[in-house]
Amino acid sequence: MISKSTALLVALVVMTPLLIFWAMPNAKIAETDGTVKPAGSAFPASTLRFEKEAPTSPLTGHPRICHVQVTQLREDGPVGILICDASKNAVIFQTDNSSGQPSEEILLSDVVAPAHATVVDIDNDGDRDILVSVLGNIEPDDGVIGSVVLLKCVDNGYQAQTILDDVRRVADVQPGDFDNDGDLDLAVAVFGYNRGQVLWLENLGDLVFRDHELLSAPGIIHVPVADFDNDGDLDISAIVTQDEEELWGFENDGHGAFQPRRLWFTHNFDLGSAGLLAEDLDRDGDMDLILPAGDNLEDFDPFPQPYHGCLWFENQGGWKFAEKRIATFGGTYAAAAADLDNDKDVDIVLASMANVWDEPSQASIIWLENNGEQNFTAWQIDSSPTHLVTVATGDLNADGAVDIVAGGLHIRPPYNKLGRVTIWKNKGTAP
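As recorded by an unreviewed UniProt entry, the protein carries the name FG-GAP repeat and is attributed to Fuerstiella marisgermanici.

Below you can see the structure in the form of structure tokens.
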């Protein structure tokens, strides 16, 4: 079987096979003239009101945003949006200035295809550093071109230091003290192309790291870190998306020795896993996993499929995870978890890269309302911009409501609903 690929690739955009070993039939709907077209995804209008905002400066070219997150870089600084921009090859922090217009500070430039940024105090000095996962090429490439760059917080900004190179394309980095020695180590997702890895980097001090391989497999996107077995130490999970569609866990013995466990796989190699999120969705005290799925960029004209959407893997203890589908949504590429309606349970936001974009009603971003018992109702937030591959939540304006941010990766037509970074301010339930 040919490995998953596409003409263009970012870490959050997962490849599916060029030749499909097994796939469900394409979803179609009949037109009145007898022709058929792909069935898209549209939902009832959101019961929460959202006010959309986007930068007023004109777009240049087609935006390629790989990652966004809502964060605060300095304790006394503003809450803003940390952006990995593969069209500008930069890591940017966007905030509102005194006039209410967005202001962007470039934290790192001349970095080819930054895929992900993680905010962490890596050296335990009381300030917030940034770990940048670098693909090195947004297109499929099996070369040794990936890296991990540390932006160390200093008095006048950030100082860049490469802490891992000589690897293939890197998609994600997450911190954790895996060997229980008091400093932070790193879990690394090496996406690669035909070859990839899950690594953990042992912190030897003075920001020097020694790498250990946990898994050799192509297409590793995300490596969420959590205590998945509730034994008091940090474990690692990973989603494999190239050649296979597999969910892995790596059980830590508390001293940095890991036992690999394949938690789930599917024979539908065309599923299109698009990332992995650790979240206690049912708030029962253990960490679950949330999987958005909907990539089909190997098609020249991608269209939604009935197996696209969001899967919840409920942690049942003993490294057993029960698969449950919580949404069907064409072209799902990203998920974020938050209590959007302030009712004390966890809701989900989903963003779509590949819906039927020539239909104006088709959703690009939705939220799943949790009724408190993990039954979800899908509500449409917007149909524009399209081609969204990353989504984040957070309170941007300190009003107590969780807002939504998403980024667009526009590598396929149509190009009439472009969007770089878009904000939906949460205004609560309509009166």
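Chemist: Can you help me understand the pairing of strand S13 (residues 185–190) in this one?
Modeler: Note on strand geometry: in a regular strand, side chains alternate between the two faces of the sheet. The buried fraction of S13 is high, at six of six residues. Here S13 shows no split at all, with Asp185, Ala187 and Ala189 on one side and Leu186, Val188 and Val190 on the other all buried. Pairing of S13 with strand S14 (residues 197–205) involves five bridges; the strand directions are antiparallel. Looking at S14, one finds that Leu186 is bridged to Leu201.

Chemist: Would you explain the side chain of Glu314 in this entry?
Modeler: For Glu314, the location among the structural elements is in strand S22 (residues 309–315). With relative accessibility at 15%, the residue Glu314 sits in the buried group. Reaching out from Glu314, the side chain makes a polar contact with the side chain of Lys324 at a distance of 2.5 Å.

Chemist: Would you mind showing me how to read the sheet that holds strand S17 (residues 235–240) here?
Modeler: The strands that make up a sheet pair up through hydrogen bonds in the backbone, lying either parallel or antiparallel. Strand order in the open sheet formed by four strands is S16-S17-S18-S19, and the pairing between neighbours is antiparallel. Strands with a single pairing partner mark the edges of an open sheet, and in this sheet they are strand S16 (225–226) and strand S19 (258–265). Relative to strand S18 (residues 246–252), S17 runs antiparallel, the two being bridged by five bridges. Bridge pairing in S18 links Ile236 to Phe250.

Chemist: Looking at this structure, how should I read unusual backbone geometry?
Modeler: Most peptide bonds take the trans form, and the phi angle of most residues other than glycine is negative. The residue after Ser384, namely Pro385, is reached through a cis peptide bond having omega 0 degrees. Here Pro413 and Pro414 are connected by a cis peptide whose omega angle stands at 0 degrees. One can find Pro414 in the loop between strand S29 (403–408) and strand S30 (421–429). Of note, Asp243 is a non-glycine position whose phi angle comes to about 75 degrees, a positive value. Its place among the elements puts Asp243 in the loop between S17 and S18. Asp243 gets classed as partly exposed once you look at its relative accessible area, which sits at 23%. In this model, Arg283 sits at a positive phi of 50 degrees, which is unusual for a non-glycine residue. Tracing the backbone shows Arg283 in the loop between strand S20 (277–279) and strand S21 (288–293).

About the thresholds
- Residues numbered from 1 in each chain as written.
- Predicted model: local features only at pLDDT ≥ 70, side-chain atom pairs only at ≥ 80, totals over all residues.
- Heavy atoms only, no water.
- Buried < 20%, exposed > 50% of the residue type's maximum accessible area, 1.4 Å probe, protein only.
- Helix = DSSP H or I, 4+ residues; strand = E, 2+ residues; numbered from the N terminus.
- Pairing = 2+ DSSP bridges.
- Polar contact = N/O pair within 3.5 Å; in protein donor to acceptor, adjacent residues only side chain to side chain.

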